[in-house]
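Descriptive structure summary
Each chain, written out:
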2 protein chains.
Amino acid sequence: MSENQNTLSGGVSVHEIKSTIEHHLSGLLKNCDSKTAVGMAMQESVLGQGKRIRPLMMMLIAHDLGYPGEKKTLLDLACAVEMIHSASLILDDIPCMDNADMRRGKPTIHKKYGESVAILAAIGLLTKAFAQVSAASGLNGEQKARVVGELANAVGEQGLVLGQFRDLAGVGHTQNINDITATNDLKTGVLFIAMLQVIALAASASDATHQRLSAFATDFGQLFQLLDDLSDSHFTTGKDRNKDAGKPTLVNVLGRERVCDLVYHHFHSANEHLAAVCVAGQETRQFIHAWLTLTLAGEKPAMKSA
Amino acid sequence: MSENQNTLSGGVSVHEIKSTIEHHLSGLLKNCDSKTAVGMAMQESVLGQGKRIRPLMMMLIAHDLGYPGEKKTLLDLACAVEMIHSASLILDDIPCMDNADMRRGKPTIHKKYGESVAILAAIGLLTKAFAQVSAASGLNGEQKARVVGELANAVGEQGLVLGQFRDLAGVGHTQNINDITATNDLKTGVLFIAMLQVIALAASASDATHQRLSAFATDFGQLFQLLDDLSDSHFTTGKDRNKDAGKPTLVNVLGRERVCDLVYHHFHSANEHLAAVCVAGQETRQFIHAWLTLTLAGEKPAMKSA
């Protein structure tokens, strides 16, 4: 993303927010024991290169909602979500899941540290995220408990876990569009939904805002997963390519052109939901627009890797 | 355990508490999707036979502390800990960890459902435990957040995760008694400590009680792990035997006789700590005494399996 595109109209610098997030992550992971392989694996998987799309979206949406609280609280929550995301990537890559050798242009965690360390690092990150939320400053006890509930349910048996199971079970099977869309919701959408409910909780937003953000996150999750599927065989992502060859993705079922149409459909719908609640700013919309334009143009994104 | 030993002096029936715990667990896991392998694996791993030593100890100690709150709150917390324990057993058994074929007299979860389902079921149970704590009735928000923190830290990089890593890394290496003791603390003690801090939190106990329970749990964790190591080659446990053959356990380093002495040392110390804080009852002490006597006699325990 160029410097112009990077600085949004409200003077918000995406690169600056990303740097702040990475600095905060670095501080949070500093107390991992880097003398053990598990500690090193935790640090490496989170602090390596990443788009930081989830924490970035959380920070931007908080800004657009006019969140009045401390920035540290937001960063604690955003970084907890990034740790959960990193844990899910470690597990996605292990031999009995996607069996991926490369991620973000580097050997995957299990390739470098072995499978047992990779699994333990994922558990370490997941629990660190919950510990962190439970100790987050600037939230009352009830808010912290509700944040834990949102995130735990998003990861669990009805969330990412089910998405990953459906994804693996789908390999080699024909599936209809509804099934694939439901799997995409679970693989990607549920964590987007949960993380924005977390922001709405922190901002003590109205029920209407909670609902609109949930609808936005559903669209954005679909959009994000479709772009990821498009990129599997096309863009420079730093990941193993063609990992989706046997999987029933919408790209495989509908073809690239119709998927691009779907992406635009979700983008416009997402945009409307955001416009309805983000009255204090439109940074998120600008960011998504710039990011989508670049990604669909097939350019190598400045914030590369998935 | 005979009926006489099963009913403690205060009229508390251990079998009855165990049944109540299992009934509550069953209710909590009912909403897992038993049409998916992950849901089935979650239910099977928790609802199969087990000693329920952790939730049982939580209920007994709450009784002995004179816990004045609702029983449902205790059961919610105790069952969350049992789910965390079950998750840890699933992961302990997978091929890249202990590679165990049998647990509680049945094929391990990965043997029956495959490795990816086993790992997803473990994550499902872990997050279900946190979701459950976050929604526990009878606790205020701050208590719920602190319970989440206690349990997340007990599982994480400085807790069970580190214990498991040290356990795996120790295979084939000579270790001294202090190293092995520290590993035992992490493998077993930290979750005992955390679960009793949870009870102390729920009971709004004094700082002195928190500390004494922590000291008790440290002794009890050592005692428990030593009995487990003794049983590896000796008792009828329903697990694969001699899994510790290459591991530096205290049984391998000190021999069975000195380990039995150590067990009694920890038992007496644990007993003293309990006596200092459990002024409302002595059910826990009686239970531990009966259980220890039976286990060391090499009898097949009535509540078999580890």
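Look up a bit, the structure's there.
All of these numbers come straight from a predicted model, not from anything done at the bench.

Some thoughts on the packing of aromatic side chains
Applying the stated criterion across every chain yields a total of 13 aromatic pairs over all chains. Centroid distance B:Phe220 to B:Trp291: 5.8 Å. Interplanar angle 45°. Geometry classified as tilted. Separated by 71 residues along the polypeptide, B:Phe220 in helix H11 (residues 207–232) and B:Trp291 in helix H14 (residues 283–296) bring together distant segments of the chain. In this pair, the class of B:Phe220 matches that of B:Trp291, namely buried. Taken together, the aromatic side chains of A:Phe192, A:Phe216, A:Phe220, A:Phe224 and A:Trp291 make up a single cluster linked through ring pairs.

Side note on the relation of the copies chain B and chain A
Relative to chain A, chain B is turned by 180° and slid 0.0 Å along the rotation axis, the superposed coordinates differing by an RMSD of 0.0 Å. Both copies are brought into coincidence by an operation consistent with a two-fold rotation axis. Residue B:Gly141 of chain B places its C-alpha closer to the rotation axis than any other residue of that unit, at 2.0 Å.

Details of the interface of chain B and chain A
Often, the extent of an interface is quoted as the loss of accessible area on bringing the components together. Facing the 42 residues of chain B at the interface are 42 residues of chain A. If you sort the residues of chain B by the area they bury against chain A, B:Leu120, B:Glu157 and B:Phe165 come out on top, with a joint share of 18%. Counting the contacts that link chain B with chain A gives two salt bridges. At the level of secondary structure, the elements contributing two or more residues to the side of chain B that touches chain A comprise helix H3 (37–47), helix H7 (115–134), helix H8 (141–155) and helix H9 (160–169) of chain B. Top contributing element to the side of chain B that touches chain A by residue count: H7(B), with twelve residues. Its residues assigned to classes, the side of chain B that touches chain A comprises 23 nonpolar, 14 polar and five charged.

What counts as what
- Residues numbered from 1 in each chain as written.
- Chains lettered and ligands numbered in written order.
- Predicted model: local features only at pLDDT ≥ 70, side-chain atom pairs only at ≥ 80, totals over all residues.
- Heavy atoms only, no water.
- Phe/Tyr/Trp six-rings, centres within 6.5 Å; stacked < 30°, edge-to-face > 60°.
- Helix = DSSP H or I, 4+ residues; strand = E, 2+ residues; numbered from the N terminus.
- Buried < 20%, exposed > 50% of the residue type's maximum accessible area, 1.4 Å probe, protein only.
- Least-squares fit on C-alpha atoms with pLDDT ≥ 70 in both.
- Contact = heavy atoms within 4.5 Å.
- Buried area = accessible area lost by both parts, 1.4 Å probe.
- Salt bridge = Lys/Arg side-chain N within 4 Å of Asp/Glu carboxyl O.
- Nonpolar A, V, L, I, M, F, W, Y, C, P; charged D, E, K, R; others polar.

Read these as layout, nothing more, since geometry by itself doesn't imply function.
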